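One letter stands for each residue in the lines below.
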Amino acid sequence: MNRDEVVRVWTQVGRQSGGEPLSVAHVCAAAAAGVGADGAAVSLMVNSTVRDMVHATNQVAGELEEWQVSFGQGPCVDALAAGGPVLAVDLGLPDYSRRWPVFTPAALDSGARAVFALPLQVGAIRLGVMDLYRARPGGLSPYELSDALAFADAAGILLLEGAAAIQLDGSDWQDDPTAHQAQVHQATGMILAQLGISAEAAFARLRAYAFAHDRRIGDVARDVVGRKLRFQPDPIPDGDDDV
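All values derive from a computational prediction rather than experimental measurement. (Residues numbered from 1 in each chain as written. Predicted model: local features only at pLDDT ≥ 70, side-chain atom pairs only at ≥ 80, totals over all residues. Heavy atoms only, no water.)

**Here's the deal with the overall build of the protein**
Item 1. Of the regular secondary structure elements, the protein holds ten helices and five strands.
Item 2. Residue burial in the protein is summarised as follows: out of 243 residues, 49% are buried.
Item 3. Put simply, 58% of the contacts in the protein that link residues at least 6 apart link residues at least 24 apart.
Item 4. Carbon and sulfur atoms provide 51% of the accessible area of the protein, an area that totals close to 11,100 Å². (Helix = DSSP H or I, 4+ residues; strand = E, 2+ residues; numbered from the N terminus. Buried < 20%, exposed > 50% of the residue type's maximum accessible area, 1.4 Å probe, protein only. Contact = heavy atoms within 4.5 Å. Areas by Shrake-Rupley, 256 points an atom, 1.4 Å probe, with all protein chains shown as cover.)

Encoded structure:
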């Protein structure tokens, strides 16, 4: 996943947030819209046999998670076991009924025709899975699959709440121990939503503020996420809380 793709994905998530702190719910909404899916859900792997649904964008997405947890079969289960994407392009095909004999008819009854399960994994840490579904058959294009995997990565990062030390190539904050990726991205997403600017410009504002005030960018990002600091389209000179 290159830097441009990362920026594009987090920009879409930031727009879904409307300026609120980024969450898995925003990632699910952005992922569904970004790849032309009808819904999305994220489940967290509590242990080797138990999963807990974190968010579903609608009833069908929630039912798909429920069926897979109840029946112990389906794309999500296989994706967790294999550690790679499982793409069911048409649940109406006999192969899927044989593979998941209980889940498949239940999913079809719920209104899903295609399901794409993407594991949430950061390094060696396997966190859970993101499921996307469509009410029509058909696979993901290579471009859509690449974006879907990037959205899954974003959900995984948010679930770790900045614990993952994955840095973007060429970032100006890679040597800053306070600048956890998820927190900086959350702050960037909030700034771009507040100002209606690009992710690159939002990050530049964040970095410029940190430099001007001799602060670490991670500390500034924490203030933005904690709503102690808000960026405005036009600077207000007489207040410390608006930038």
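**As for the packing of aromatic side chains**
Aromatic ring pairs are reported here in terms of the distance separating the ring centres and the angle at which the planes meet.
Item 1. Considering all chains together, one arrives at four aromatic pairs under this definition.
Item 2. A ring pair is formed by Trp100 and Phe103, whose centres lie 6.1 Å apart and whose planes are at 85°; its orientation type is edge-to-face. Like Phe103, Trp100 is buried. (Phe/Tyr/Trp six-rings, centres within 6.5 Å; stacked < 30°, edge-to-face > 60°.)

**Some words on the pattern of salt bridges**
Item 1. For the structure on display, the rule yields nine salt bridges.
Item 2. Between Arg113 and Asp90 there is a salt bridge; the shortest N-O distance is 2.6 Å. Residue Arg113 is located in the loop between helix 6 (103–110) and strand 4 (114–122), and its partner Asp90 is located in the loop between strand 3 (86–88) and helix 5 (94–99); the two are separated by 23 residues in the primary sequence.
Item 3. Taking relative accessible area as the criterion, Asp90 reaches 12% and is therefore assigned buried.
Item 4. Two residues, Arg215 and Asp223, come together in a salt bridge whose shortest N-O distance is 2.8 Å.
Item 5. Relative accessible area serves as the criterion here: at 31%, Arg215 is assigned to the partly exposed category. (Salt bridge = Lys/Arg side-chain N within 4 Å of Asp/Glu carboxyl O.)

**Regarding a nonpolar patch on the surface**
Item 1. Taken together, Leu87, Val89 and Leu93 make up a surface patch of nonpolar side chains, about 200 Å² in accessible area.
Item 2. Mapped onto the secondary structure, Leu93 falls in the loop between strand 3 and helix 5. (Patch = residues over 30% accessible without salt bridge, like charges linked within 9 Å, V, L, I, M, F, W, Y side chains within 5 Å.)

**Things to note about helix 2 (residues 24–35)**
Item 1. Taking 1.5 Å as the rise per residue, helix 2 with twelve residues should run 16 Å; its terminal C-alpha atoms sit 16 Å apart, in good agreement.
Item 2. The complete set of buried residues in helix 2 reads Val24, His26, Val27, Cys28, Ala30, Ala31, Ala32 and Val35.
Item 3. Backbone geometry just after helix 2 places Gly36 at a positive phi near 70°. (Expected span 1.5 Å × (residues − 1).)

**Here we look at the side chain of Asp223**
Item 1. If you trace the backbone, Asp223 turns up in helix 10 (residues 217–225).
Item 2. In terms of polar contacts, Asp223 uses its side chain to reach the side chain of Arg215, at 2.8 Å.
Item 3. Those residues in contact with Asp223 that sit more than four places away from it in its chain are Arg215, Lys228 and Leu229. (Polar contact = N/O pair within 3.5 Å; in protein donor to acceptor, adjacent residues only side chain to side chain.)

**So, the packing of helix 2 against helix 7 (residues 142–160)**
Item 1. Closest axis-to-axis distance for the helix 2/helix 7 pair is 9 Å, and the angle between their directions is 180°. As judged from the angle between their axes, helix 2 and helix 7 are roughly antiparallel. In this structure, helix 2 uses Val24, Val27, Ala30, Ala31, Gly34 and Val35 to contact helix 7, whose residues at the interface are Glu144, Asp147, Ala148, Phe151, Ala154, Ala155, Leu158 and Leu159.
Item 2. For the contact of helix 2 with helix 7, the per-class residue count stands at eleven nonpolar, one polar and two charged. (Axes fitted to C-alpha atoms, helices over the stretch in contact; angles between N-to-C directions. Parallel < 35°, antiparallel > 145°, perpendicular 65-115°, else oblique. Nonpolar A, V, L, I, M, F, W, Y, C, P; charged D, E, K, R; others polar.)

**Describing the confidence of the model for the protein**
Item 1. Per-residue confidence for the protein gives a mean pLDDT of 81; residues scoring 70 or more make up 81%.
Item 2. Mean pLDDT values for the elements of the protein range from 74 in helix 8 (residues 181–195) up to 97 in strand 3.
Item 3. Note on residues 162–179: pLDDT under 50 across the span, and 35 contacts to partners over four residues away in sequence or across chains. (pLDDT = per-residue confidence, 0-100.)

**Thoughts on the packing of helix 3 (residues 59–71) against helix 6**
Item 1. At a minimum axis separation of 10 Å, helix 3 and helix 6 run at an interaxial angle of 165°. Judged by the inter-axis angle, helix 3 sits roughly antiparallel to helix 6. In this structure, the crossing between helix 3 and helix 6 has a hand that is right-handed. In contact with Val60, Glu63, Leu64, Trp67, Gln68 and Phe71 of helix 3, helix 6 contributes Phe103, Ala106, Ala107 and Ser110. (Left-handed = near helix turned anticlockwise from the far one by under 90°.)

**Details of the nonpolar core**
Item 1. Counting residues in hydrophobic clusters, the biggest one holds 32 residues, and the most contacted among them are Val27, Met130, Leu132 and Phe151.
Item 2. Where this core is concerned, the elements lending two or more residues are helix 1 (3–17), helix 2, strand 1 (39–45), strand 4, strand 5 (125–134) and helix 7.
Item 3. Ranked by residues supplied to this core, first place goes to helix 7 with nine residues.
Item 4. Apart from residues lying up to four places away in sequence, Leu132 is in contact with Ala31, Ala32, Val35, Ala37, Gly39, Ala40, Ala114, Val115, Phe116, Leu118 and Ala148. (Core = buried A, V, L, I, M, F, W, Y, C linked by side-chain atoms within 4.5 Å.)

**What about the environment of Gly62?**
Item 1. Here Gly62 lies in helix 3.
Item 2. With sequence-adjacent residues up to four places away left out, Gly62 is seen in contact with Met53 and Ala56.

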